[in-house]
Amino acid sequence: MSVERFKDSNSLYKYELLDSYYRDHSIEKGRKFKKFFDEFCQLVFDINLTMLENKIDRVFPLVEGEKTAYSSISAAIHSLTPYHMSEVGRGTEEYDFLNKKRRSTDFWCMSKDKDFEVWIEDKYIGCYLNKDGWKIDAVNRVNTAYNQVLELHKIDNKQGIRIHKLALFNTIMYFRTKDYDKFYKDENIMKLLDDGPNQLAQELQALYDGLDSRTTRHIDGGLLLGVLDLRECLKKGKDKDILHVLVGGENKYVAPFYILAGVVLH
């Protein structure tokens, strides 16, 4: 796999890591983890774009659902480290080897030099544009992921283990339109598109802040967003039939951004 496409200034696919909500000084190996997350996002996007470019799939596999996303997430982790597993169990207070009572998580991996571990809970969400801005359409999934990583933290805390916990959100940011070309000539809408990833970060942070602050404040490492920006690709009409998805009648929804958002606990 290669991510050179994101380093090519002429590429229609733009990638950016947003880290303004991330506090790398507040968690152990914070800078190394940010680098790991950045490389992970680029690899996942590269895998998905390769599928589209070679007409293997009509839509971005990452956001077809959590189970479909597993393959590209697993492949990206495998490229970064040889130490990884999926559907891994952690012992709870009621853990019993014979009865297998334990809390499982979607992915586990360890850095190549074995100096940090990551437990990952993955969820697929959508974020849509309306007249008031961007809104998450799967708030329940976000809260479920937060509660899952908090539960993992409680287990690790009792066992004296310091492991990074990551609530990972495969996110499609989309809008609906009847006239695609006219939409991209509206300056007000273009400003809303520009602010989309930042608004998603604000929404995710607000939901996290709504949790019990006594539980979360001291373990909150912040939020990282790997953003794949397809606006130039869409404006120039490249692969329109692939990147547009019919939802009924003449209406289409169009995805200017695909995002991997990660909320980190430690």
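Residues numbered from 1 in each chain as written. Predicted model: local features only at pLDDT ≥ 70, side-chain atom pairs only at ≥ 80, totals over all residues. Heavy atoms only, no water.

Q: Looking at this structure, I do not really get the nonpolar core. What am I missing?
A: If you look at soluble globular proteins, the nonpolar side chains tend to sit buried side by side. Phe40, Phe45, Tyr146, Phe169 and Leu204 are the most contacted members of the largest nonpolar core, which has 78 residues in total. A per-element tally of this core places helix α1 (residues 30–53) first, with 11 residues. Those residues in contact with Tyr146 that lie beyond four places of it in its chain are Ala167, Phe169, Leu204, Leu207, Tyr208, Leu211 and Val263. The next biggest cluster of nonpolar side chains, apart from the first, holds six residues, and it includes Val88, Trp108, Met110 and Leu152. (Core = buried A, V, L, I, M, F, W, Y, C linked by side-chain atoms within 4.5 Å. Buried < 20%, exposed > 50% of the residue type's maximum accessible area, 1.4 Å probe, protein only. Helix = DSSP H or I, 4+ residues; strand = E, 2+ residues; numbered from the N terminus. Contact = heavy atoms within 4.5 Å.)

Q: Help me out: how do you make sense of the packing of aromatic side chains in this one?
A: Aromatic ring pairs are reported here in terms of the distance separating the ring centres and the angle at which the planes meet. The tally for this structure, following the rule as stated, stands at 11 aromatic pairs. Considering the side-chain rings of Phe33 and Phe116, the 6.1 Å spacing of their centres and the 70 degrees angle between planes classify their relative orientation as edge-to-face. One end of the pair, Phe33, is in helix α1; the other, Phe116, is in the loop between β3 (102–110) and β4 (117–130), and 83 residues separate them in sequence. Per residue, the accessibility class of Phe33 equals that of Phe116, and both read buried. (Phe/Tyr/Trp six-rings, centres within 6.5 Å; stacked < 30°, edge-to-face > 60°.)

Q: I keep staring at the packing of α1 against helix α2 (residues 66–80) and nothing clicks. Help me out?
A: Relative orientation and spacing of two packed helices are given, respectively, by the angle between their axes and the distance between those axes. Where α1 contacts α2, the two axes come as close as 9 Å, and the packing angle between them is 130 degrees. On the basis of the axis angle, α1 is oblique to α2. The two elements α1 and α2 cross, and the hand of that crossing is right-handed. Where α1 approaches α2, its residues Phe36, Glu39, Phe40, Leu43, Val44, Ile47 and Asn48 are matched on the opposing element by Ser72, Ile73, Ala75, Ala76, Ile77, Ser79 and Leu80. (Axes fitted to C-alpha atoms, helices over the stretch in contact; angles between N-to-C directions. Parallel < 35°, antiparallel > 145°, perpendicular 65-115°, else oblique. Left-handed = near helix turned anticlockwise from the far one by under 90°.)

Q: Help me understand the pattern of salt bridges in this model?
A: Taken as a whole and judged by the stated rule, the model has eight salt bridges. Here Lys29 and Asp115 are joined by a salt bridge, their closest N and O atoms 3.7 Å apart. A residue pair is termed long-range when its members are at least 10 positions apart, and Lys29 in the loop between β1 (14–22) and α1 and Asp115 in the loop between β3 and β4 qualify at 86 residues. With relative accessibility at 23%, the residue Asp115 sits in the partly exposed group. The partner of Lys35 in a salt bridge is Glu39, with the nearest N and O atoms 2.7 Å apart. Note that Lys35 and Glu39 are positioned in helix α1 at a spacing of four residues, about one turn of the helix. The exposure class assigned to Glu39 is partly exposed, which follows from its relative accessible area of 30%. A cluster of three or more residues bridged by salt bridges with shared partners is formed by Lys29, Lys32, Asp113 and Asp115. (Salt bridge = Lys/Arg side-chain N within 4 Å of Asp/Glu carboxyl O.)

Q: Just to check I follow, could you spell out the side chain of Thr171 for this structure?
A: Looking at the element boundaries, Thr171 is found in strand β6 (residues 164–177). Filtering out sequence-adjacent residues up to four positions away, Thr171 remains in contact with Val63, Ile125, Cys127, Leu200, Phe257, Tyr258 and Ile259.

Q: Just to check I follow, could you spell out unusual backbone geometry for this structure?
A: Across the chain, the bulk of peptide bonds are trans and the bulk of non-glycine residues have phi less than zero. If you check the backbone angles, Glu87 has positive phi at about 50 degrees while not being a glycine. One can find Glu87 in strand β2 (residues 83–91). Given a relative accessible area of 45%, Glu87 falls into the partly exposed group. Its identity as a non-glycine residue notwithstanding, Lys114 has a phi of 65 degrees, on the positive side.

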